[in-house]
Amino acid sequence: MQEKLSHLRTEVESAIKSVKSSADLEVIQNKYFSRKGEIALMMQELGKLSPEEKPKAGQLLNETKKHLEALFEEKSQKIRADGMAAELEKEWVDVTAPGIPYKAGHVHPISQVQYEVEEIFSSMGFSIEDGPEVESEYYNFESLNIPASHPARDMQDTFFVDKEGDSELGRLVLRTQTSPVQMRTMQTKGAPLRIIVPGRVFRNEATDASHDATFYQVEGLLIDENISLAHLKGVMQEFLSKLFKKNVLVRFRPGYFPFVEPGLEMDFACLICNQKGCRVCKQSGWVEFMGAGMVHPNVLKAGKIDSKKYQGWAFGFGLTRLVMMKYGITDIRLLFGADTRFLNQF
Ligand code: FA5
């Protein structure tokens, strides 16, 4: 018995010494320390000894068992601690390391110029209005003195929306101009009025360097007593010189829009080629900038405004073209191309 115990002690000690993982620990636990393990078998053998041998052998077995259990426990603790340390090492985070840089976008050049336009007109007492992009035929055309049979409808071919509109206001269309907001504001706010309406418009037309099927306009409307086109000229000159921070050459020429009378067009001297002729101005040196005129009495009537007491002018310019002029952009399609190499320049 003594010899057997001595063997077992050496065997278990060296087994515990060579343990490297908790799996090894489990093997040792099962082989030596479990209910059917080697130490338990020794206990059973103890029962077979004679009463004289029993006390001494029992004492030795107990000592050996305690010693081996203590060794095993010590090793278990070490393995657990090493495991935790390894785990911690894996999960370690350097909280002082610099973060991954966050790539923020920036305001689109069209919005940048829109904000500038809003600021300049606000400083002249204009308020900013908004209207729906999906508009009724009534507001987009009829209320603006363009009945269904009018040839002026051909000037702005639109996209019809595949959804029933209001039976009284006609079919739904993507608005071709910001002008319907003139009517909506006249009807809700009445005279006097001093507003601008920046917004997106849509036209069913072929694209080229200066035309797109989706673009931005800014509508202007001033209604009060004793208003003339001289006020329009003054307001536009003030606006353009503030925006470009220099004198910009403009010209007025007669133009036709059914909702104004008389009607006119205002052009810019092309700032891209300095009037030498380029793709944007179609070699003419001038870029069509806006339509304008005195608000037609029929439109004032539809807007429930007393045309004997009040009169006013309206204009609508291409915000997208203004952006092209401001930054020297030679193709309108670049602005909606979503190419970050282009957009990051602004
Ligand atoms: C109109 O849209 C009228 N509503 C303007 C108006 C308002 C006249 C109030 C009288 C009173 P027109 O179709 O010309 O007009 O467009 C106005 C401006 O939008 C043009 O001068 C031009 O700068 C811009 N524009 C027109 N078509 C396009 C297009 N396809 N792409 C980019 N800009 C365009």
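About the thresholds
Residues numbered from 1 in each chain as written. Predicted model: local features only at pLDDT ≥ 70, side-chain atom pairs only at ≥ 80, totals over all residues. Heavy atoms only, no water. Domains from an automatic or database assignment. Core = buried A, V, L, I, M, F, W, Y, C linked by side-chain atoms within 4.5 Å. Buried < 20%, exposed > 50% of the residue type's maximum accessible area, 1.4 Å probe, protein only. Helix = DSSP H or I, 4+ residues; strand = E, 2+ residues; numbered from the N terminus. Contact = heavy atoms within 4.5 Å. Salt bridge = Lys/Arg side-chain N within 4 Å of Asp/Glu carboxyl O. 1 Å grid on protein atoms, 1.4 Å probe; cavity = no way out; pocket = protein on both sides within 12 Å on 5 of 7 lines; lining within 4 Å. Points joined across faces, edges and corners; volume = space filled by probe spheres on them. Nonpolar A, V, L, I, M, F, W, Y, C, P; charged D, E, K, R; others polar. Pairing = 2+ DSSP bridges. Axes fitted to C-alpha atoms, helices over the stretch in contact; angles between N-to-C directions. Near = heavy atom within 4 Å. Polar contact = N/O pair within 3.5 Å; in protein donor to acceptor, adjacent residues only side chain to side chain. Areas by Shrake-Rupley, 256 points an atom, 1.4 Å probe, with all protein chains shown as cover. Sits in = over half its atoms within 2 Å of the grid points.

1. Considering the domain arrangement of the protein
Okay, step 1: Split into domains, the protein comes out as domain 1 (2-90) and domain 2 (109-343).
Okay, step 2: The centre of domain 1, based on its C-alpha atoms, is set 93 Å off from the matching centre of domain 2.

2. Quick notes on the nonpolar core
Okay, step 1: V117, F121, M236, F239, F315, F317 and L322 are the most contacted members of the largest nonpolar core, which has 46 residues in total.
Okay, step 2: Going through the elements one at a time, α5 (109-123), β5 (214-224), α8 (229-244), β7 (260-269), β8 (286-295), β9 (311-318), α10 (319-327) and α11 (340-343) are the ones with two or more residues in this core.
Okay, step 3: With seven residues, the top contributor of residues to this core is α8.
Okay, step 4: F239 has contacts with V117, I120, F121, M124, F317 and L322, leaving out every residue within four places of it along the chain.

3. Observations concerning the pattern of salt bridges
Okay, step 1: Within the structure shown, the criterion is met by 18 salt bridges.
Okay, step 2: Two residues, E133 and R200, come together in a salt bridge whose shortest N-O distance is 3.1 Å. With E133 in the loop between β1 (127-128) and β2 (134-136) and R200 in strand β4 (residues 193-202), this residue pair connects regions lying 67 residues apart in the sequence.
Okay, step 3: We classify R200 as partly exposed; its relative accessible area is 32%.
Okay, step 4: Across the salt bridge formed by D331 and R279, the nearest N and O atoms sit 3.8 Å from each other. Pair noted here: D331 is in the loop between α10 and α11 and R279 is in the loop between β7 and β8, with a separation of 52 residues, a long-range link.
Okay, step 5: One network of salt bridges, with partners in common, ties together R251, R253 and D267.

4. So, the layout of surface pockets
Okay, step 1: Estimated volume of the largest pocket: approximately 540 Å³.
Okay, step 2: Mapped onto the lining of the largest pocket, the elements with two or more residues apiece are β5, β7, β8 and β9.
Okay, step 3: In terms of residue class, the lining of the largest pocket is made up of 12 nonpolar, 10 polar and seven charged.

5. So, the pairing of β9
Okay, step 1: Extensive coverage of β9 is indicated by the burial of seven of its eight residues.
Okay, step 2: As judged from the eight bridges shared by β5 and β9, these two strands associate in the antiparallel manner. Following the sheet pairing, G220 is matched in β9 by F315.
Okay, step 3: Strand direction decides the pairing type here: β8 and β9, joined by five bridges, are antiparallel. Bridged to M290 within β9 is F317.

6. A closer look at α10
Along an α-helix, a turn takes 3.6 residues, which lines up residues three or four apart on a common side.
Okay, step 1: Of all nine residues making up α10, seven are buried, and the element is well covered by its neighbours.
Okay, step 2: Along α10, the residues that are buried comprise L319, T320, R321, L322, V323, M324 and M325.
Okay, step 3: In the core, the buried residues of α10 are packed alongside α5, β5, α8, β7, β8 and β9.
Okay, step 4: A positive phi of about 65° marks G328, the residue just after α10.

7. Quick word on the sheet that holds β7
The strands that make up a sheet are held in pairs by hydrogen bonds between backbone atoms, and each pair lies either parallel or antiparallel.
Okay, step 1: If you trace the seven strands from one edge of the open sheet to the other, you get β1-β4-β5-β9-β8-β7-β6, paired in mixed fashion. Of all the strands in the sheet, just β1 and β6 (250-254) have a single pairing partner and so form its edges.
Okay, step 2: Across the sheet, α5 touches β1, β4, β5 and β9, and the angle it forms with β4 is around 165°.
Okay, step 3: Docked against the sheet, helix α7 (residues 180-189) engages β4, β5, β8 and β9, running at close to 140° with respect to β4.

8. Side note on the site of the ligand
Okay, step 1: The ligand sits among 26 residues. The nearest are Q177, S179, R203, E205 and D212.
Okay, step 2: At 2.9 Å, a backbone N or O of D212 approaches a nitrogen atom of the ligand.
Okay, step 3: Coverage of the ligand by the protein amounts to 96% of the 680 Å² it exposes when considered alone.
Okay, step 4: When atom positions are compared with the pocket grids, the ligand is found to occupy the largest pocket.
Okay, step 5: Going through the elements one at a time, β5, β8 and β9 are the ones with two or more residues in the shell around the ligand.
Okay, step 6: At five residues, β8 tops the list of elements feeding residues into the shell around the ligand.
Okay, step 7: Of the residues contributing to the shell around the ligand, the split by class is 10 nonpolar, 10 polar and six charged.

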